[in-house]
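# Geometric and topological summary
If you want the building blocks of each chain, they are given just below.
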Amino acid sequence: MRYKLVKGTKDIFLNDINKWQYIESTSKKILEDFGYSEIRTPIFESTDLFSRSIGVSTDIVEKEMYSFKDKKGRDLTLRPEGTASIVRAYVEHSLVPPVKFYHIGTMYRYEKPQSGRYREFYQIGIEAIGSISPFIDCEVIDLALFLLSKLGLTNLKIRLNSIGCRKCREVYKKILLEYLKKKELCKDCIRRMNLNPFRVLDCKNEQCIRVTSTPPSILNSLCEDCKKHFAEVKEILAEYKISYFEDPRLFRGLDYYTKTTFEIVTDELGAKNSVLGGGRYDYLVEELGGDSTPAIGWAFGVDRLVLALESAKFRFPDESKKLIFIAWTTETAKKQAFKIARRLRTEEFRCEMNYEKSLKAQLKLADRLEAKLTVIVGTHELKEGKVILRNMEDGSQRKIDIEKIELELKQIMC
RNA sequence: GUGAGCGUAGCUCAAUUGGUUAGAGCGCUGGACUGUGGCUCCAGUGGUUGGGGGUUCAAGUCCCCUCGUUCACCCCA
């Protein structure tokens, strides 16, 4: 029996793994500069935690969660997103605001896979808990933009909106329903209208886009407080020349969002053009049992970012050390070669050898592994206490003393 | 969950309207070069044509089912 990848999952290795490593290590460095520290939470949590925070009527909770019972009958779920766990941890450990965390890891959603969408996917995200200042909204958006562009993605656009607080949303919901009732909408939207009228504004159907092109803006329904907050956010963004476009249609699929919401889109992706998304969630901490505490965060999909970078022909840096290959001619030489390889590795050289191939095949392997140098251990040279050092780029080679290998290598490699 | 396209060697793809033993390039192994990679040439290796059923004298090719995959919708990172 041969086994295959489970639908929607993938292996990342060889020519691809450096892309993930590059994004992860670069992100860590930048996020830490912005004052965020890493948090690692479990990959599974109580099912309740997610349905409570994401919202029971959302698609994620209704049909996309990997839920199961453990041997004691506990209802558990593989995390479909990162925020809930982090807020849980924040409340559980009675942390004192302000707290800024970032996380890197896999998320799980039972969706039909397509370009840029997988059932297991990697996310990098941040949460800034404890500040209501519009400055933190801007910091967070600025960071998102800075990080993505630092990672090599250009042509980024910020979609920005405010969906207000509980009060504003109730007011707006009524106004929106009145507006939609008079329109000719697609079947899906008619169904959605009563369930969650905000979704209609997300519809990609041309007819729907046309007839809802001038929806009542939620911005008109914002209460004084939310209005002021949003105005300040925009003011600060403008002051720092962070360009954005306001999009009153931007609603996000998780119920915990309040006030500022945003997405960063790139035209390097197909239909899945949104690479990063986030917003404020001022009620979530309280909802999960903590003191009322405002917070804001975002996350981006690493897999999707890789796709976007690839399509933009970005050259991923390869920071791995140059390889030194150790080749041998005979069994006795092989023992010497093994000894040399051991020695070099303890000196932190990146070193590889093979134990069964002919010398010719060993050289060929060295070539395939893109070795910069090959140390050839031959019986003739061993008699004089020497080995051959072959430069794989130009094919030049010379004999050197066995004791001096490290010295020579250090000179050549750096 | 809905719709469309595609499944042939490790990879990328051929195979006339259904017709003899399913081919090529790349890769891999070896040789030309007895202890030296890349370039060239030569040879070898490689397949339950995704799986199951059906139609037919004959199926990689047509039909049905199923699985996988890709893309789009929904939704989202």
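Provided above is the structure to which this section pertains.
Reading the values: rules and limits
- Residues numbered from 1 in each chain as written.
- Chains lettered and ligands numbered in written order.
- Predicted model: local features only at pLDDT ≥ 70, side-chain atom pairs only at ≥ 80, totals over all residues.
- Heavy atoms only, no water.
- Buried < 20%, exposed > 50% of the residue type's maximum accessible area, 1.4 Å probe, protein only.
- Helix = DSSP H or I, 4+ residues; strand = E, 2+ residues; numbered from the N terminus.
- Arc of directions from axis to C-beta.
- Contact = heavy atoms within 4.5 Å.
- Patch = residues over 30% accessible without salt bridge, like charges linked within 9 Å, V, L, I, M, F, W, Y side chains within 5 Å.
- Areas by Shrake-Rupley, 256 points an atom, 1.4 Å probe, with all protein chains shown as cover.
- Salt bridge = Lys/Arg side-chain N within 4 Å of Asp/Glu carboxyl O.
- Pairing = 2+ DSSP bridges.

## Examining helix α15 (residues 405-413)
Here α15 has its buried residues at Ile 405, Glu 406, Glu 408 and Leu 409. An end-on view of α15 places all buried positions within 160 degrees of arc, on one side of the element. Across from the buried face of α15, at angles greater than 90 degrees, the exposed residues are Leu 407 and Gln 411. Considering only its buried residues, α15 is in contact with β12 (323-328), α12 (331-346), β14 (373-377), β15 (386-391) and β16 (397-401).

## Points about a nonpolar patch on the surface
Taken together, Ile 43, Phe 44 and Phe 68 make up a surface patch of nonpolar side chains, about 250 Å² in accessible area. Tracing the sequence through the fold places Phe 68 in strand β3 (residues 66-69). Overall, the relative accessible area of 35% leaves Phe 68 in the partly exposed class.

## Description of the pairing of β15
Relative to β15, β14 runs antiparallel, the two being bridged by 4 bridges. Counterpart to Val 375 in the pairing with β15 is Leu 389. Between β15 and the antiparallel strand that follows it, β16, lie 5 residues; Gly 395 among them carries a positive phi value of about 80 degrees.

## Concerning unusual backbone geometry
Omega for the peptide link from Pro 97 to Pro 98 comes to 0 degrees, which places this bond in the cis form. On the secondary structure map, Pro 98 appears in the loop between α4 (83-92) and β5 (99-108). Of note, Ser 94 is a non-glycine position whose phi angle comes to about 45 degrees, a positive value. Structurally, Ser 94 can be placed in the loop between α4 and β5. A residue is classified by how much of its surface remains accessible, and Ser 94, at 57% relative accessible area, is exposed. Even without being a glycine, Lys 259 presents a positive backbone phi close to 50 degrees. Inspection of the secondary structure puts Lys 259 in strand β9 (residues 258-266).

What is shown is where atoms sit, not what they do.
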